[in-house]
Amino acid sequence: MENIIKIKNLNKYYGGKRVLNDINLNINKGEIIGYIGANGAGKSTTVKIMLGLVEEYSGSIEIFGENIVENPVDYKKRIGYVPETADMYENLTAREYLTFIGSLYGMDYSEADEKAQKLMDLFSIKDVYDGRINSFSKGMKQKVLIISSIINDPDILFLDEPLSGIDANSVLVFKEVLKELAKKGKTIFYSSHIMEVVEKLSDRIILLNDGEIVADGNMESLNTELKEGSLEQIFNKLTGFNEHENIAKEIVNTISRGEVNERI
Ligand SMILES: Nc1ncnc2c1ncn2[C@@H]1O[C@H](COP(=O)(O)OP(=O)(O)OP(=O)(O)O)[C@@H](O)[C@H]1O
């Protein structure tokens, strides 16, 4: 198996706080990695370091066999990224935005334009290709982001909650796209809180807890080891969480004005 990402002894501090604690990871070509963890576990930080967006850390990262500090430019042409929250150029139209992104990847205008238009059509938003992004619905914006992340046919795709706001039909399409891409040897690094999707989609699940990898394997091996059944239960167990009922009751008690039984 061809190794495509190699992370060695990665540590990251913000102020005095250690947010990544000695991460070691080897990711192979064609794998769909489900990268999960509670809010603040360090998922986005890991991804941003790999993308070269966060630079102060210790440890080393090789992508496509090259150290990303020594060779900080070329590998970026071969990756795509859907961030959790994006600062898109909302005053641009989808055509302007996507052809601009295409040009950053070195694509010709006409090639980017043609591909973008076709992809907009396949994601059922062709009609707004020349509309301004700031007039789009949340799901339409998310689709434009997805298109911008795959337009250059990347070899590695980093996705942070990519399905957020997307309708059920398009979710089906996109999940299928990811499987097809993996079959073609593309590597997918998928972060999400939707455990059902991660469970079904991923070949390999990596669970981060307080900046540390606490599980790494496919669903079958995690289940053999932990005997929990679903990824949601595995997640709850490994992050030490069994309080949901009590917390829910507390929340309801906190907001209650004492008239719950009085139906008007
Ligand atoms: N720019 C920053 N400055 C200071 N602390 C930061 C910064 N970015 C992230 N952190 C901290 O690092 C930790 C990890 O954050 P990160 O965004 O990587 O978590 P995450 O696993 O992606 O969470 P979520 O699921 O909420 O997106 C958190 O404690 C966060 O507060």
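Cut-offs used in this document
Residues numbered from 1 in each chain as written. Predicted model: local features only at pLDDT ≥ 70, side-chain atom pairs only at ≥ 80, totals over all residues. Axes fitted to C-alpha atoms, helices over the stretch in contact; angles between N-to-C directions. Helix = DSSP H or I, 4+ residues; strand = E, 2+ residues; numbered from the N terminus. Parallel < 35°, antiparallel > 145°, perpendicular 65-115°, else oblique. Left-handed = near helix turned anticlockwise from the far one by under 90°. Contact = placed C-beta atoms within 7 Å. Core = buried A, V, L, I, M, F, W, Y, C linked by C-beta atoms within 7 Å. Buried ≥ 20, exposed ≤ 12 C-beta atoms within 10 Å, placed from the backbone. Pairing = 2+ DSSP bridges.

- The name that an unreviewed UniProt entry assigns to the chain is ABC transporter ATP-binding protein, with the source organism given as Senegalia massiliensis.

1. Thoughts on the packing of helix α2 (residues 94-104) against helix α3 (residues 109-122)
Item 1. Close contact between α2 and α3 brings their axes to 9 Å; oriented N to C, the two are set at 130 degrees. It follows from the interaxial angle that α2 and α3 lie oblique. In terms of crossing hand, the pair formed by α2 and α3 is right-handed. The residues of α3 that touch α2, namely those facing Ala 94, Arg 95, Leu 98, Thr 99, Gly 102 and Ser 103, are Tyr 109, Ala 112, Asp 113, Ala 116 and Met 120.

2. Thoughts on unusual backbone geometry
Note: most residues except glycine have negative phi, and most peptide bonds are trans.
Item 1. Not every positive phi belongs to a glycine, and Ser 124 is a case in point at roughly 65 degrees.
Item 2. Position of Ser 124 relative to the elements: it lies in the loop between α3 and α4 (138-150).

3. Let's talk about the nonpolar core
In a soluble, globular protein the nonpolar side chains are often hidden away together inside.
Item 1. Ranked by size, the top nonpolar core spans 58 residues in total, and within it Leu 98, Ile 147 and Phe 189 carry the most contacts.
Item 2. Here this core gets 5 residues from one element, more than from any other, and that element is α4.
Item 3. Setting aside residues no more than four positions away along its own chain, Ile 147 makes contact with Leu 98, Ala 116, Leu 119, Met 120 and Phe 123.

4. Quick word on the pairing of strand β10 (residues 212-217)
Item 1. As paired elements, strand β9 (residues 204-209) and β10 share 5 bridges and run antiparallel to each other. Its bridge partner lying in β10, Ile 206 is registered against Asp 216.
Item 2. Linkage of β9 to β10, two consecutive antiparallel strands, is achieved through a turn of 2 residues, within which Asp 210 is found at a positive phi near 50 degrees.

5. Thoughts on the environment of Lys 118
Item 1. Here Lys 118 is to be found in helix α3.
Item 2. Residue Lys 118 is classed as exposed on the basis of its 12 C-beta neighbours within 10 Å.
Item 3. Considering only alpha carbons, one finds Lys 118 and Thr 187, 69 residues apart in sequence, at a separation of 23 Å.

6. Description of the sheet that holds β9
Item 1. Taken in spatial order, the 6 strands of this open sheet run β6-β7-β8-β3-β9-β10, and their pairing is mixed. A single partner strand is all that each edge strand has here, and the edge strands are β6 (79-82) and β10. Looking at each pair of strands side by side, their axes are set apart by 15 degrees on average, direction ignored.
Item 2. Sheet topology note: the strand β3 (residues 32-37)/strand β8 (residues 187-191) ladder contains 4 bridges and is parallel. Residue Ile 32 lies in a different strand from β8, and its bridge partner there is Ile 188.
Item 3. Each of β6 and β7 (156-160) is contacted by α4, which is oriented at about 165 degrees to β6, the strand it contacts most.
Item 4. Sheet strands touched by helix α5 (residues 168-183): β3, β7 and β8. Its angle to β8, the strand with the most contacts, is close to 145 degrees.

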